[in-house]
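# Observations on the three-dimensional arrangement
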Protein chains: 2
Amino acid sequence: MRLLEERIKKDGIIGEGNVLKVDSFLNHQMDIDLICKLADEFYRLYENNGVNKILTIEASGIGIAAIVAQRFGVPMVFAKKFKTKNLTGDIFTAKVESFTHGTVYDIMVSKKFLSEKDNVLIIDDFLAKGQALLGLTKIVKDSGAKIVGCGIVIEKAFQDGGKKIRDLGIRVESLARIKEMSAETGVVFFD
Amino acid sequence: MRLLEERIKKDGIIGEGNVLKVDSFLNHQMDIDLICKLADEFYRLYENNGVNKILTIEASGIGIAAIVAQRFGVPMVFAKKFKTKNLTGDIFTAKVESFTHGTVYDIMVSKKFLSEKDNVLIIDDFLAKGQALLGLTKIVKDSGAKIVGCGIVIEKAFQDGGKKIRDLGIRVESLARIKEMSAETGVVFFD
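Predicted model, so just to flag it, every value in this text is computed and none were measured.

### Thoughts on the packing of aromatic side chains
Residues and elements named next belong to chain A. Under the definition given, this model contains two aromatic pairs over all chains. Seen in terms of ring centroids, Y43 and F72 are 4.9 Å apart; in terms of plane orientation they differ by 70°. Their pairing is edge-to-face. Here F72 lies in helix α3 (residues 61–72) and Y43 lies in helix α2 (residues 32–46), a separation of 29 residues in the sequence. Classification of Y43 as partly exposed rests on a relative accessible area of 23%. For F72, a relative accessible area of 13% puts it in the buried group. Sitting above the plane of the Y46 ring, R171 keeps its charged end 4.2 Å from the centroid.

Next comes the structure, spelled out in C-alpha cells:
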C-alpha cells in the first residue's frame, strides 16, 4: 500500500537489530486518519469472506483492530498477555516468545468469545518471526473457529514469520512488506 | 448514559472484591457499535474544548481511545507500561500502583508526542482508585500540555479516585457512575 510505504519512509526510524520504529504514527502515537485508510484496505481485501469477528493481541494491535472491527461492523476480541483477576473461567491459551521483549509469555482468550460459529480475521501491527501470530492461530484453531486470514500492517519479509503462517495454508495480507532495511543508511526497501 | 447502564446491568458480572467484569463488551471482547456510541457522547461533552490529542494507557483503554480519537479527528497517544527496545529517547514517566494486578509499574510517554501546544483529553475504561489517571495527569502536566478533562467509561463512584482527580480541578466525565454493587445479589446501583 503506497500511502503506508511512503509514511514508513518518511517517519520510520531504523534502529540496530532490525528494529523499525514507527511510534510516531502506529504503535505509540497513532495517526487515526491513516489507521482508517488501512482499515479500508483490510476491508477491501476481506469483505467477501464472511468475517464476523476481529482478533488481535494486546497492546499495540488493539487500536488498529478496533478501527478495523468498526469498518467490518463486527466485534473485536483482544488476547491478553497476563492472567489477571478479571480473566477467569475457561480460557484458550498459547505460549508466545517475544524477541522484542526477550520473554516468553502466555496469551489467553476467554472461551466465551470464540467458537466454531466464528469466521475470524486476525489483525496485528507487525509480523516478523511470527510468534504472536502463531499463538493467535493456535487459539482460533483450538476454539473450532475458522481463520479467514491475517491482516498485518507491516511485515518484515526478510524474517520467516510470514512464511511460517502461509505454510500452514493461512492467507496473510500485509499492507507493507519490507524486503530489506539498513540502520546504517536509514533506507527501507519494500517488496 | 442510559444505554451503557443498561448494558452493565445486563452483561456485567460482579465478582468478589468489587470486581466488575465487563469483558463481554468493553475490555476483552469489544462491542464496537457500543464504543462508537460512547465516543459520540464524549464528543458531545468535550467538542467545544479544542481537544487536539487523546491520551490513554495500555492496554484496555486503547480500543476505546482509538474510536474516540477518530470521532474528534485527532491523533491518539497511549502511555506504555513497560520500557521496551522500541521506546527510547526522552520520556515522561509516572509511577502507578495497580490494585487489580497487585503491582507498581512505570508508565511512559515519549516527549515527542506531548508538548505545551496540546489540549489533551484523557480516556480510560475504568476509574476506581484513580492511580492510572493520576499518573497520566502527571505526565500531561510535566509536558506542559493542557488537560481538557478526562472521559471515563465506568467510574466506581464508591471509591475515591474520582474525588482525587476532581479535587485537582480537573474535569472528569464518567458515562456510568456506580454508587454501589453487590457480588452477593448481583445488583448494581448507579448515581
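Additional details are given in the paragraphs that follow.
### Quick look at the pairing of strand β10 (residues 172–181) of chain A
All names here are of chain A. Two elements, strand β9 (residues 146–156) and β10, share six bridges in a ladder whose sense is parallel. The residue bridging G151 from the neighbouring strand is E173, located in β10. Bridge analysis of β10 against strand β11 (residues 188–190) gives three bridges, and the strand direction is antiparallel. Directly across from E180, in β11, lies its bridge partner F189. Between β10 and β11, which pair antiparallel and follow one another directly, the connecting turn spans six residues, one of which, G186, has a positive phi of 75°.

### Side note on the nonpolar core
Counting 83 residues, the largest nonpolar core has I54 and M76 of chain A together with I54 and M76 of chain B as its most contacted members. In terms of residues, this core owes the most to one element, helix α2 (residues 32–46) of chain B, which gives nine residues. Beyond its immediate chain neighbours, meaning those up to four positions away, I54 of chain A contacts A65, V68, A69, F72, V74, P75, M76, V77, L121 and I123 of chain A.

### Details of the packing of α3 of chain A against helix α3 (residues 61–72) of chain B
At a minimum axis distance of 8 Å, the contact between α3 of chain A and α3 of chain B shows a crossing angle of 60°. Looking at the two axes, α3 of chain A sits oblique to α3 of chain B. Once α3 of chain A is placed against α3 of chain B, the crossing between them reads as right-handed. Only I62, G63, A66, I67 and Q70 of chain B of α3 of chain B make contact with α3 of chain A, whose side of the interface consists of I62, G63, A66, I67 and Q70 of chain A. Residues belonging to the contact of α3 of chain A with α3 of chain B are distributed by class as follows: six nonpolar, four polar and no charged.

Reading the values: the criteria
- Each residue is numbered by its place in its chain's sequence as written, counting from 1.
- Following the order in which they are written, the chains are lettered starting with A and the ligands numbered starting with 1.
- In keeping with the model being predicted, local features are shown solely for residues with a pLDDT of at least 70 and side-chain atom pairs are shown and tallied solely at 80 or more, while totals for entire chains, interfaces and linings include all residues.
- Calculated side-chain values reflect all of the structure's heavy atoms, with hydrogen atoms and water omitted.
- A pair of Phe, Tyr and Trp rings is counted when the ring centres sit within 6.5 Å of each other, with Trp represented by its six-membered ring. The angle between the planes then sorts it: under 30 degrees is stacked, over 60 is edge-to-face, the rest tilted.
- Strands are runs of DSSP state E lasting at least 2 residues, helices are runs of H or I lasting at least 4, and numbering of each runs from the N terminus.
- Between buried and exposed lies partly exposed: a residue is buried under 20% and exposed over 50% of the maximum accessible area for its type, with that area taken using a 1.4 Å probe on protein chains only.
- By the criterion adopted, a ring carries a charge over it if an Arg CZ or a Lys NZ lies within 6 Å of its centre and within 35 degrees of its normal.
- Any two strands with at least two DSSP-identified bridges between them are counted as paired.
- Remark: nonpolar core denotes a set of buried residues (Ala, Val, Leu, Ile, Met, Phe, Trp, Tyr, Cys) joined through side-chain atoms within 4.5 Å.
- Contact criterion: two residues are considered in contact whenever any of their non-hydrogen atoms come within 4.5 Å of each other.
- Lines fitted to C-alpha atoms define the axes here, with helix axes fitted over just the stretch in contact, and angles between the N-to-C directions of these axes take values from 0 to 180 degrees.
- Any angle between 65 and 115 degrees counts as roughly perpendicular, while under 35 counts as roughly parallel, over 145 as roughly antiparallel, and the rest as oblique.
- Here a crossing is taken to be left-handed if its near helix is turned anticlockwise relative to the far helix by less than a right angle, and right-handed if that turn runs clockwise.
- Under the scheme applied, nonpolar residues are Ala, Val, Leu, Ile, Met, Phe, Trp, Tyr, Cys and Pro; charged residues are Asp, Glu, Lys and Arg; polar residues are all the others, including Gly.

Honestly, it's all geometry; don't read function into it.
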